[in-house]
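Residue strings, one per chain:
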Amino acid sequence: MSDVLSFNNPVFSQFAFYSGVVLCKTLIMGPATSFFRMKNETFSNEEDCKLSKDKSLKPKFNDATVERIRRCHQNDLENNIPFLLIGLLYVASEPYENVALYLFRTFAAARLLHTVAYLTPLPQPTRALCFMVGVGVNGLMLFRAFTQAQY
Ligand SMILES: N[C@@H](CCC(=O)N[C@@H](CS)C(=O)NCC(=O)O)C(=O)O
């Protein structure tokens, strides 16, 4: 049991890999927001506006691109952070390796596709389905952790 949360455990190692994938994806959203803020001259604070050549610029909160990236980032935070926490409990429950790998891959694929669907944007229900697959994986992992835990 002491080796469960170590890279000697293939399930933890695979979990670390797919967590890294979704974390990288989430981390990219901040710089992507900054990039489009500068490109579209859409700043949310007075002091940021002063950095622009146009000194008459005022804070703006309704740029469609910036707001879409922000919503996508927030959605990542709402889903990927629970994946990291629930995943740790799940790995500690010592699941079957092939089932765990399938769940990790499904979650990572669903979240990457969710971003593609949000930013393209693809017609609904594409994004909703990606979201539900992610929620489903988190739910299954949490169920397994609950059923293995003592109370
Ligand atoms: N916080 C989300 C909760 C529900 C959710 O995550 N829905 C998915 C599928 S429709 C989504 O992509 N929502 C868009 C969003 O979070 O901006 C919301 O306000 O929509």
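The rules behind the values
- Residues numbered from 1 in each chain as written.
- Predicted model: local features only at pLDDT ≥ 70, side-chain atom pairs only at ≥ 80, totals over all residues.
- Heavy atoms only, no water.
- UniProt positions renumbered as here; feature names shortened; annotations may be inferred.
- Phe/Tyr/Trp six-rings, centres within 6.5 Å; stacked < 30°, edge-to-face > 60°.
- Helix = DSSP H or I, 4+ residues; strand = E, 2+ residues; numbered from the N terminus.
- Buried < 20%, exposed > 50% of the residue type's maximum accessible area, 1.4 Å probe, protein only.
- Core = buried A, V, L, I, M, F, W, Y, C linked by side-chain atoms within 4.5 Å.
- Contact = heavy atoms within 4.5 Å.
- Near = heavy atom within 4 Å.
- Polar contact = N/O pair within 3.5 Å; in protein donor to acceptor, adjacent residues only side chain to side chain.
- Areas by Shrake-Rupley, 256 points an atom, 1.4 Å probe, with all protein chains shown as cover.
- Nonpolar A, V, L, I, M, F, W, Y, C, P; charged D, E, K, R; others polar.

By the naming in an unreviewed UniProt entry, the chain is Microsomal glutathione S-transferase 1, taken from Lottia gigantea. UniProt, in its Sequence similarities (unreviewed entry) section for the chain, records the words "Belongs to the MAPEG family." We quote the UniProt Catalytic activity (unreviewed entry) comment for the chain here in full: "RX + glutathione = an S-substituted glutathione + a halide anion + H(+)".

1. Here's the deal with the packing of aromatic side chains
Counted according to the given criterion, the structure contains nine aromatic pairs. Seen in terms of ring centroids, Phe83 and Phe104 are 6.3 Å apart; in terms of plane orientation they differ by 85 degrees. Their pairing is edge-to-face. You can see Phe83 sitting in helix 3 (residues 64–92) and its partner Phe104 sitting in helix 4 (residues 97–119), a full 21 residues away along the chain. Taken as a pair, Phe83 and Phe104 share a single burial class, namely buried.

2. Concerning the nonpolar core
Judged by nonpolar contacts, the single largest core of 19 residues is most densely connected at Phe15, Phe83, Tyr90, Val91, Phe104 and Met141. Among the elements that line this core, the one with the most residues is helix 4, at six residues. Here Phe104 is in contact with Val11, Gln14, Phe15, Tyr18, Phe83, Tyr90, Val91 and Met141, once residues within four sequence places are set aside.

3. Some words on unusual backbone geometry
In this structure, Pro121 follows Thr120 across a cis peptide bond, with omega equal to -15 degrees. Here Pro121 is to be found in the loop between helix 4 and helix 5 (126–148). Residue Pro125 is bonded to the preceding Gln124 through a cis peptide linkage, with omega at 15 degrees. Residue placement: Pro125 occurs in the loop between helix 4 and helix 5. Within the chain, Glu41 stands out as a residue other than glycine whose phi angle is a positive 50 degrees. Mapped onto the elements of the fold, Glu41 is located in the loop between helix 1 (10–39) and helix 2 (46–49). Residue Glu41 is classed as partly exposed on the basis of its relative accessible area of 34%. Located in the positive-phi region is Glu94, a residue other than glycine, with phi close to 55 degrees. Considering the arrangement of structural elements, one finds Glu94 in the loop between helix 3 and helix 4.

4. A few points about the site of the ligand
The environment of the ligand is made up of Arg71, Asn75, Glu78, His114, Tyr118, Gln124, Arg127, Ala128 and Phe131. Within the side chain of Glu78, a nitrogen or oxygen atom sits 2.8 Å from a nitrogen atom of the ligand. Interatomic distance of 3.0 Å between a side-chain N/O atom of Arg127 and an oxygen atom of the ligand. When the ligand is considered free in solution it has 440 Å² of accessible area, and contact with the protein chains removes 60% of it. Breaking the shell around the ligand down by element, the ones donating at least two residues are helix 3, helix 4 and helix 5. Along the lines of polarity and charge, the residues of the shell around the ligand split into three nonpolar, three polar and three charged.

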